[in-house]
Amino acid sequence: MPKISFSGRTIECSEGANLRRVLLDANLPLYNGVAGVIHCRGLGTCGTCAIEIEGPVSEMTKVETWRLGFPPHRSESGLRLACQCKVLGDLKITKHGGMWGNQIENES
Ligand code: FES
């Protein structure tokens, strides 16, 4: 079973599991602030479930590519939308700041 490290915890999930669902079921802080109540519930349209992922996940979906391609996101950020990702192996996840999780430190 893949292991997911996030916010000081490590959990396990089934391979192929939806990453957003896994994080929410474990009460891990996927959303920042008010985004926790006004997100799109996994449709891939709001962009607030954006995270940095180290490790194997599924290819970007069309809606994910679309949503990460306009502000406040930037397609070159390397972020992914948890709601569009299937877990394919061990992952290390980082949530960045801001409502959309797009405020990456050390970026100008
Ligand atoms: S929950 Fe809205 S884009 Fe993922």
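The coordinates are above.
The structure contained in this document is the topic of the report that follows.

Calculation rules
- Counting from 1, residues in each chain are numbered in the order their sequence is written.
- The predicted origin of the model limits local features to residues at a pLDDT of at least 70 and limits the giving and counting of side-chain atom pairs to 80 or more, whereas totals for whole chains, interfaces and linings rest on all residues.
- Only DSSP runs of H or I reaching four residues or more are called helices, and only runs of E reaching two or more are called strands; each is numbered from the N terminus.
- Counting other C-beta atoms within 10 Å of each residue's C-beta, where C-beta atoms are placed from the backbone, gives the exposure class: buried for 20 or more, exposed for 12 or fewer, partly exposed between.
- Think of it this way: build a C-beta for each residue from its backbone, and any pair within 7 Å is a contact.
- By definition, a nonpolar core groups buried Ala, Val, Leu, Ile, Met, Phe, Trp, Tyr and Cys residues that connect through C-beta atoms lying within 7 Å of each other.
- Two strands qualify as a pair provided that DSSP identifies no fewer than 2 bridges between them.

1. Here's the deal with the overall build of the protein
Summing up its helical and strand segments, the protein has three helices and five strands in all. The helix and strand sequence of the protein, counted from the amino end, reads β-β-α-α-β-α-β-β. Expressed as lengths along the three principal axes of its C-alpha atoms, the size of the protein is roughly 35 × 30 × 25 Å. Within the protein, buried positions represent 29% of all 108 residues. Counting contacts in the protein only where the partners sit at least 6 residues apart, residues at least 24 apart contribute 62% of the total.

2. Focus on the nonpolar core
Note that soluble globular proteins tend to have their nonpolar side chains buried in a common cluster. If you look at the biggest cluster of nonpolar residues, it comprises 20 residues, and the most contacted ones within it are C49, L81 and A82. Counting residues per element, the ones that place at least two in this core are β1 (3–6), α1 (19–25), β3 (50–54) and β5 (91–94). No other element matches the three residues that α1 contributes to this core. Excluding its chain neighbours within four sequence positions, the residues that come into contact with C49 are R20, L30, Y31, H39, L81, A82 and C83.

3. Focus: the sheet that holds strand β2 (residues 9–12)
Pairing is mixed in the open sheet, where five strands are placed in the order β2-β1-β5-β3-β4. What marks the edges here is a single partner per strand, and that holds for β2 and β4 (80–81). The pairing of β3 with β5 spans three bridges and is antiparallel. The partner of E54 across the bridge, within β5, is K92.

4. Focus on the environment of G78
Positionally, G78 belongs in the loop between α3 (62–67) and β4. Residue class for G78 comes out exposed when judged on the 10 C-beta atoms lying within 10 Å of it. Considering only alpha carbons, one finds G78 and I53, 25 residues apart in sequence, at a separation of 8.5 Å.

5. Here we look at the pairing of β1
Burial along β1 is one-sided: the residues I4 and F6 are buried and none of K3 and S5 is. Connecting β1 to the antiparallel partner β2 that follows it, the hairpin turn spans two residues, and S7 within it adopts a positive phi of roughly 55°. The pairing of β1 with β5 spans three bridges and is parallel. Bridging from a neighbouring strand, S5 pairs with K92 of β5.

6. Some details on the environment of W66
Topologically, W66 is positioned in helix α3. Judged by the 14 C-beta atoms lying within 10 Å of it, W66 falls in the partly exposed class.

7. Description of unusual backbone geometry
Between P71 and P72 the backbone carries a cis peptide bond, its omega angle lying at 5°. By the element assignment, P72 lies in the loop between α3 and β4. One non-glycine residue, S7, lies in positive phi territory at about 55°. With respect to the secondary-structure elements, S7 resides in the loop between β1 and β2. Of the residues examined, S7 has 13 C-beta atoms within 10 Å and is grouped as partly exposed. A positive phi angle, near 60°, is found at R41, a position not held by glycine. Here R41 is to be found in the loop between α2 (35–38) and β3.

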